[in-house]
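These are the residues of each chain, in order.
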Amino acid sequence: MAHWRIPRMDCRHIMAEPILRIENISKRYGKKDVLKGASLDVNKGDLKILIGPSGAGKSTLLQCINFLVKPDEGRVWLEGREVHYAHKRDLYAYRQKVGMIFQDFNLFDHLNALENVRIGMVQVKGMPKAEAGERAVMELERVGLKDHMQKYPAQLSGGQKQRVSIARALAMDPKVMLLDEPTSALDPELIGEVHAVIRDLGNNGMTMIMATHQIGFASSLASEIVFMEDGRILERGTPDKIFNDAQNARTREFCSKITELYGER
Amino acid sequence: MEEWLYIQNEVYPALLKGFWVSLQLIIPSALCGLAIGIMIGVLRIYGNRPVMAAANGFVVVFRGIPLVVQLFIWYFGLPYIGIYLNPFVAAVLGFSLCSGAYHSEYIRGALLSIKRGQMLAAQSLGFSKVRMIFSIILPQALRRALPGCGNEIIYLIKYSSLAYMITCIELTGQGKILASNSFKYTEVFLMIGACYLVMTSVASIILNRVEDRLRLPGFEHHRI
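Keep in mind the model is a prediction, meaning the values are calculated, not measured. (Residues numbered from 1 in each chain as written. Chains lettered and ligands numbered in written order. Predicted model: local features only at pLDDT ≥ 70, side-chain atom pairs only at ≥ 80, totals over all residues. Heavy atoms only, no water.)

### Structural notes on the interface of chain A and chain B
Frequently, the measure chosen for interface size is the accessible area removed from exposure when the parts meet. Facing the 23 residues of chain A at the interface are 24 residues of chain B. Of the roughly 2,100 Å² buried between chain A and chain B on both sides combined, carbon and sulfur atoms contribute 64%. Scanning the region where chain A abuts chain B turns up one salt bridge. The closest approach of N and O atoms between Lys115 of chain B and Asp109 of chain A, which form a salt bridge, is 3.8 Å. Between the two partners, chain A and chain B, sit six residue pairs in polar contact (both at pLDDT 80 or more). Elements with a contribution of two residues or more to the side of chain A that touches chain B: helix H3 (88-97), strand S6 (98-101) and helix H4 (113-123) of chain A. Here the side of chain A that touches chain B is built from residues that sort into 12 nonpolar, eight polar and three charged. (Contact = heavy atoms within 4.5 Å. Buried area = accessible area lost by both parts, 1.4 Å probe. Salt bridge = Lys/Arg side-chain N within 4 Å of Asp/Glu carboxyl O. Polar contact = N/O pair within 3.5 Å; in protein donor to acceptor, adjacent residues only side chain to side chain. Helix = DSSP H or I, 4+ residues; strand = E, 2+ residues; numbered from the N terminus. Nonpolar A, V, L, I, M, F, W, Y, C, P; charged D, E, K, R; others polar.)

Here is the structure:
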């Protein structure tokens, strides 16, 4: 009897546990409190969308989650294990599992698309070059850029660069992806191709936290919308709740403005 | 006719010998200098506080003291503490350290020009600092530093002529001996000047080739 009950309980325990848990993250620059104790639980397969005015701390929160910015306070757990970011080895191992997509792409300028995707696998994971190369081609194919893999960042369009950067993150087999306004530096015409890739990721069950102003796209895909202002998470809920029935007056105000700006949802 | 014989029998063999010594001084000094420059440049930017201070101190000393004085210290000064360097080694050492101090300045500038996003991206993939520097930052920074470093190498070719001051008889040293024997200062030193001009021209052709070979889309020089 006991021998089947234990695994079942274990299984339930894993199901209930958030894949990423952020507790009480605070960050101040000089006198300015950029983050004032933000907490977030992210379950496997979730897509959390961070919205809020600029300066709300969305970007800082995302950068604190993988410690590109060191938080002054707060703790982070990935798959139930706390991240001890002061230990370099722990930090580097953790960052491999958390993919990051930047607003301005940040492709390595001296490497072509293929090398951009391959370098992390070779240098960080220690994979043989040939094997990493095959995987890189696969990832580039997935984002529709197999024909452009010999091109350098300077030869790619913004949308293509962002797709390469998504392929680069995916090649590391991340458990969670953080996307910091992935389309806000793009021409309107190029946003669609990046959205399609992100949508595809979501449909395949990737856990993501994304800061964006594209609320039409966000609400069609998000499992939860998180409204931030002034370093705090003010309100959170399903897209329907946040956009149609927000409790907080600031949330309502922001949502109505942004809906006007970024069009029909 | 007499002139021609003098050139053929005395000037030519002496200058050839000196030319050869000069090359033997310049090539290792250029390579060591560049290596030292890269190392010091990286430490000046990415080292921790004491390391950074030490690297900055290195540059202050080796860029700030006249090269001849440095050479005299290596060759005539070190024996006082029991270290005897032969003239050739003392010259290569002096040139490398001085050249390295200058290179480090070009490399430091190039390192500072690399956008922070490149580092954030590398860190977000799990790169350690050392790996990030060697596989992401330096390959980009060196491309940007190349014109400046090339300039320093050209300069090194010329200041290699100081080696004769510590009895390492290279091209200029041979010329000095020839000229003081024959009093044909003008002829001899015109020839020597031409030799240096050939060396620096060849070096700049090679450096341009290297720049071309390393050029990547996004790293080209824009000519207006």
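And the narrative resumes.
### Observations regarding the packing of aromatic side chains
All names here are of chain B. In total, this model carries 11 aromatic pairs over all chains according to the counting rule given. On the numbers, 4.6 Å between centres and 45° between planes, the contact of Phe58 with Phe62 is tilted. Of this pair, Phe58 and Phe62 both sit in helix H2 (residues 49-64), four residues apart, which is roughly one turn of that helix. Taken individually, Phe58 and Phe62 each receive the classification buried, so the pair is uniform in this respect. (Phe/Tyr/Trp six-rings, centres within 6.5 Å; stacked < 30°, edge-to-face > 60°. Buried < 20%, exposed > 50% of the residue type's maximum accessible area, 1.4 Å probe, protein only.)

### Points about the confidence of the model for chain A
Averaged over all residues, the pLDDT of chain A is 89; the fraction at 70 or higher stands at 93%. Here residues 1-14 of chain A scores under 50 on pLDDT; set against residues more than four positions off or in separate chains, the count is zero contacts. (pLDDT = per-residue confidence, 0-100.)

### A closer look at the sheet that holds strand S4 (residues 73-78) of chain A
Residues and elements named next belong to chain A. Reading across from one edge, S2-S1-S4-S5 is the order of the four strands in this open sheet, with antiparallel pairing throughout. Lying at the two open borders of the sheet, with one neighbouring strand each, are strand S2 (32-42) and strand S5 (81-82). Taken together, the five bridges between strand S1 (residues 20-29) and S4 define a ladder with antiparallel strand orientation. Across the sheet, Glu23 pairs through a bridge with Arg75, a residue of S4. Contacts from helix H2 (residues 58-65) reach S1, S2 and S4, with the element oriented near 120° to S1. Strands in contact with H3 are S1, S4 and S5; relative to S4, the strand with the most contacts, it is inclined by about 60°. (Pairing = 2+ DSSP bridges. Axes fitted to C-alpha atoms, helices over the stretch in contact; angles between N-to-C directions.)

### Here we look at the nonpolar core
Counting residues in each nonpolar core, the largest one holds 106 residues, and the members touching the most others are Leu20, Ile51, Ile166, Met177 and Ile209 of chain A. Element by element, the count of residues in this core is highest for helix H6 (residues 129-159) of chain B, at eight residues. Not counting the four nearest positions on each side in its chain, Ile166 of chain A is found in contact with Ile101, Val143, Met177, Val194, Val197, Ile198 and Leu201 of chain A. Among the nonpolar cores identified, the runner-up in size contains 43 residues, and Val11, Leu97, Cys98 and Tyr196 of chain B belong to it. (Core = buried A, V, L, I, M, F, W, Y, C linked by side-chain atoms within 4.5 Å.)

### Topic: the side chain of Ser96 of chain B
Mapped onto the elements, Ser96 of chain B comes out in helix H4 (residues 87-113). Other than its neighbours up to four places away in sequence, Ser96 of chain B contacts Pro28, Ser29, Cys32, Gly33 and Ile36 of chain B.

### Some thoughts on the packing of helix H1 (residues 2-46) of chain B against H2 of chain B
Residue and element names in this part refer to chain B. For the pair H1 and H2, the least separation of the axes is 7 Å and the interaxial angle reads 135°. In terms of orientation, H1 and H2 fall into the oblique class. The chirality of how H1 crosses H2 is left-handed. Contacts between H1 and H2 pair Ile36, Ile40, Leu43, Arg44 and Ile45 from the former with Val51, Met52, Ala55, Asn56, Phe58 and Val59 from the latter. Looking at the contact of H1 with H2 residue by residue, the classes come out as nine nonpolar, one polar and one charged. (Parallel < 35°, antiparallel > 145°, perpendicular 65-115°, else oblique. Left-handed = near helix turned anticlockwise from the far one by under 90°.)

### Quick look at the sheet that holds strand S10 (residues 232-237) of chain A
Residue and element names in this part refer to chain A. Read across the sheet, six strands follow the order S6-S7-S8-S3-S9-S10 without closing on themselves; strand pairing throughout is mixed. Taken across any chain shown, the strands that pair with only one partner, and hence form the sheet edges, are S6 and S10. This sheet shows a mean twist of 20° between the axes of neighbouring strands, independent of strand direction. Across four bridges, strand S3 (residues 47-51) lies against strand S8 (residues 207-211) in parallel orientation. Residue pairing for S8: Ile49 is matched across the bridge by Met210. This element, helix H6 (residues 158-170), spans S6 and strand S7 (176-180) of the sheet and lies at about 170° to S6. Of the strands in this sheet, S3, strand S9 (224-229) and S10 touch helix H10 (residues 249-262), which is tilted by about 105° from S9.

### What to know about the state of the cysteines
Counted by the stated rule, this structure contains zero disulfides over all chains. Counting only cysteine sulfurs, Cys32 of chain B is the nearest neighbor of Cys98 of chain B, a cysteine outside any disulfide, at a range of 14 Å. (Disulfide = S-S within 2.5 Å.)

### Overview of the packing of H4 of chain B against H6 of chain B
Axis angle and axis distance: for two packed helices, these are the angle between their axes and the distance between the axes, and together they describe the pair. Residues and elements named next belong to chain B. At a closest axis distance of 8 Å, the pairing of H4 and H6 adopts a crossing angle of 150°. With respect to H6, the axis of H4 lies roughly antiparallel. Seen from above, H4 lies across H6 with right-handed handedness. Among the residues making up the contact of H4 with H6, the classes are represented as 16 nonpolar, five polar and two charged.

### Let's talk about H4 of chain A
For H4 of chain A, the buried fraction is high: eight of the 11 residues fall into the buried class. Ala113, Leu114, Asn116, Val117, Arg118, Ile119, Gly120 and Met121 of chain A are the residues of H4 of chain A that are buried. Residues of H4 of chain A that are buried sit in contact with helix H5 (129-142) and H6 of chain A together with H6 of chain B. The distance from a side-chain oxygen at the start of H4 of chain A to the backbone nitrogen of Leu114 of chain A is 3.1 Å, and the residue carrying that oxygen is Asn112 of chain A.

### Some details on the environment of Gly120 of chain A
Looking at the secondary structure, you find Gly120 of chain A in helix H4. Judged by relative accessible area, which is 1%, Gly120 of chain A ranks as buried. A C-alpha to C-alpha distance of 39 Å links Gly120 of chain A and Asp240 of chain A, two positions 120 residues apart in sequence. Setting aside residues no more than four positions away along its own chain, Gly120 of chain A makes contact with Lys125 and Met172 of chain A together with Phe127 of chain B.

### Regarding the pattern of salt bridges
All names here are of chain A. Overall, the coordinates contain 23 salt bridges over all chains when judged by the stated rule. Residues Asp41 and Arg21 are paired through a salt bridge, measuring 3.7 Å at the closest nitrogen-oxygen approach. With Asp41 in strand S2 and Arg21 in strand S1, this residue pair connects regions lying 20 residues apart in the sequence. The class of Arg21 is partly exposed, set by a relative accessible area of 31%. Residue Asp46 is joined to Lys48 by a salt bridge in which the shortest nitrogen-to-oxygen separation is 3.8 Å. In this pair, the class of Asp46 matches that of Lys48, namely buried.

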